[in-house]
Amino acid sequence: MDIRRIPLWESRNATFMSNNLIRAVIEDQGEVAIELSAQAVQGGFVNALSLPYFRGRSIGVGSDENADWYKGKQKFYQAGGIYLTFPSTDEDMILTSNTCWMVRRYGSDGASGALWRLSEMKSRQEHNRYHASKVDMVFPGHPVLYSLVRLVNSGEEDLAYNATIHSMLSPPFLESGCFINTVPASFSAFSPNFREVAYNRLKSGVKFSDLKHAPSMNSPFVDAGYVPGPSGSYDYIVGQIAKGEDLGWMSVINPRLQMIYLVFFPSSASKLEGSVMKCGNIDIAYNFLGRMDSPWAFYEGGTPQVFNLTLGFGRIDHHDTFDMPSQYVLRPGETVDLVSGQAFTSYDNPRISNGFYSLEKEAHGLVCKRTKSYAYIQCDYSFASVRELAERLFQNSQE
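Read on for a plain summary of the structure. Quick caveat, the model's predicted, so the values are computed rather than measured.

To continue, consider the overall build of the chain. From N to C terminus, the chain includes 2 helices and 27 strands. Compactness check: the chain gives a C-alpha radius of gyration of 20 Å against a globular reference of 21 Å for 399 residues, within 12% of the reference. Along the longest, intermediate and shortest principal axes, the C-alpha atoms of the chain span 60 × 50 × 45 Å. The buried share of the chain, reckoned over its 399 residues, is 58%. If you sum the accessible surface of the chain, you get close to 16,400 Å²; carbon and sulfur atoms cover 50% of it.

So this is what it looks like as structure tokens:
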């Protein structure tokens, strides 16, 4: 078990956390996790997360002489990794993803043995006042990076919001032949907007419930649960998780490396009490060398340079595609907690490399099952230990 502060680039620092199963590096700038690595069966450690070639190394896009190439967008400048976006995606506002967070404390918990890191940021912007506190945790024996974000409306007026956590994956973990699985959901693809110049494989505006039979632009169906080669395509889908599902999840399996990346979180039917956010949406962005706009390409309309896949969940703006809100409201003084786990591990049974049929709960973890074969991931999917530790840390920070 190891936790320490490390320097990165100019005026940018991060926190390193490891329990010998996973290694995580979380940067202060934008609160982005830039590493979540685990050991492959071949022996080497693999970072699942994407750090695109164009990711900036300076303080921010505003101070970079190449700001125009980044279109002045901080989200391009620090693209990649695992990142939280709240309360919107409008970069004219102070967002959780475009500001520097303050690490208040970090250490280890004597009761559980967990490593933890407590950080926070505040927005005092007019009509956009809120306070965000976040605890990142790594428990002994769990190949999981847990996080609990406490969001508080610190203003005197309602705060309209969306809240999402995204994980951008890329080679060497992501490659042709990977399989994508999700909690049962209804999906719809969206066509590119003015920021995204790309070729689409998926037909927009058509709902479907099976990734293996997604409506295609050029044929009846395409398998959106399989990572192809460099197809030169970009697609974005949003899903509404099926009613009755209390645990939302998304996964990517790499058969050659025998590794699995799994995201899990409380879904709409979760029975967790208190102010826990019940997340009813997931989304996936497929960028298989499909973005032809800068900085994804060297120049507008140029050859795409980035191959990645982004998994997301939360309260997503789905533009009224589904029968649930597209936007939510925090009342003055109201608090909501966004809790999740990001697991990354190898598995021994090669039959799981063909994909699994169900994700089942056991006493101390989740089981990916394929008929008589399975892969076990030790984790706290109930988030009981995660919430208990976070609550103690929040209380101690106020004393």
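As a further point, take the sheet that holds strand 26 (residues 365–370). Taken together, the 3 strands give an open sheet; going across it, the order is 25-26-27, and neighbouring strands pair in antiparallel fashion. One side of each edge strand has no neighbouring strand; the edge strands of this open sheet are strand 25 (358–362) and strand 27 (373–378). Strand-to-strand twist in this sheet, taken as the mean axis angle between neighbours without regard to direction, amounts to 25°. Taken together, the 5 bridges between strand 25 and strand 26 define a ladder with antiparallel strand orientation. Each bridged residue has a counterpart across the sheet, and for K361 the counterpart in strand 26 is L366.

Turning our attention to the packing of aromatic side chains. One pass over the full model with this rule turns up 22 aromatic pairs. Here the aromatic rings of F288 and F307 are separated by 5.2 Å at their centres, their planes lie at 35°, and the arrangement is tilted. A residue pair is termed long-range when its members are at least 10 positions apart, and F288 in strand 21 (residues 281–288) and F307 in strand 22 (residues 307–315) qualify at 19 residues. Taken as a pair, F288 and F307 share a single burial class, namely buried. Positioned above the aromatic ring of Y234, the side-chain terminus of R291 is 5.2 Å from the ring centre. Between the NZ or CZ atom of R315 and the centre of the ring of Y328, over which it lies, the distance is 4.6 Å.

Moving on to the sheet that holds strand 24 (residues 335–346). Read from one edge of the open sheet, 8 strands run 7-8-9-10-24-20-19-13, paired in antiparallel fashion. The strands lining the two open edges of the sheet, one partner per strand, are strand 7 (102–108) and strand 13 (179–182). For this sheet, the mean angle separating the axes of adjacent strands, direction not counted, is 15°. The pairing of strand 7 with strand 8 (residues 115–125) spans 6 bridges and is classified as antiparallel. Considered in strand 8, the bridge of V103 is made with S119. Against the sheet, helix 2 (residues 384–398) makes contact with strand 7, strand 8, strand 9 (128–138), strand 10 (144–153) and strand 24, and its axis sits at roughly 125° relative to strand 9, the strand it touches most.

On to the pairing of strand 13, then. Side chains of strand 13 alternate between two faces, with F179 and N181 and I180 and T182 buried alike. One ladder, built from 4 bridges, connects strand 13 with strand 19 (residues 247–254); its direction is antiparallel. When the sheet's bridge partners are listed, F179 is paired in strand 19 with I253.

Applying the stated criterion across every chain yields a total of 0 disulfides. Between C178, a cysteine without a disulfide, and C368, which holds the nearest cysteine sulfur, the sulfur-to-sulfur distance is 14 Å. Accessibility expressed as a relative area gives 0% for C178, which makes it buried. Here C279 stays unpaired: no disulfide links it, and the sulfur of C379, its closest cysteine neighbor, is 16 Å away. We classify C279 as buried; its relative accessible area is 0%.

Here the focus is the nonpolar core. M137, Y261, F264 and Y286 are the most contacted members of the largest nonpolar core, which totals 106 residues. At 7 residues, strand 20 (residues 259–266) tops the list of elements feeding residues into this core.

On the surface, a cluster of nonpolar side chains totalling about 350 Å² of accessible area is made up of Y53, F298 and Y299. For Y53, the position within the fold is in the loop between strand 5 (45–47) and helix 1 (74–77).

So, about the environment of V103. Assignment of secondary structure puts V103 in strand 7. Measuring from C-alpha to C-alpha, the distance between V103 and A14 comes to 9.1 Å, with 89 residues separating the pair along the chain. Apart from residues lying up to four places away in sequence, V103 is in contact with R5, T15, D28, R117, L118 and S119.

The next subject is helix 2. Along its 15 residues, helix 2 runs 22 Å from first to last C-alpha, staying within 8% of the 21 Å computed at 1.5 Å per residue. Buried residues of helix 2: V386, L389, A390, L393 and F394, and no others. Summarising the axial view, the buried residues of helix 2 lie within an arc of 135°, below the 170-degree limit, and thus occupy one face. Where the residues of helix 2 are buried, they touch strand 7, strand 8, strand 9, strand 10 and strand 24.

Conventions adopted
Residues numbered from 1 in each chain as written. Predicted model: local features only at pLDDT ≥ 70, side-chain atom pairs only at ≥ 80, totals over all residues. Heavy atoms only, no water. Helix = DSSP H or I, 4+ residues; strand = E, 2+ residues; numbered from the N terminus. Rg over C-alpha atoms; globule rule 2.2 N^0.38 Å. Buried < 20%, exposed > 50% of the residue type's maximum accessible area, 1.4 Å probe, protein only. Areas by Shrake-Rupley, 256 points an atom, 1.4 Å probe, with all protein chains shown as cover. Pairing = 2+ DSSP bridges. Axes fitted to C-alpha atoms, helices over the stretch in contact; angles between N-to-C directions. Phe/Tyr/Trp six-rings, centres within 6.5 Å; stacked < 30°, edge-to-face > 60°. Lys NZ or Arg CZ within 6 Å of the ring centre and 35° of its normal. Contact = heavy atoms within 4.5 Å. Disulfide = S-S within 2.5 Å. Core = buried A, V, L, I, M, F, W, Y, C linked by side-chain atoms within 4.5 Å. Patch = residues over 30% accessible without salt bridge, like charges linked within 9 Å, V, L, I, M, F, W, Y side chains within 5 Å. Salt bridge = Lys/Arg side-chain N within 4 Å of Asp/Glu carboxyl O. Expected span 1.5 Å × (residues − 1). Arc of directions from axis to C-beta.

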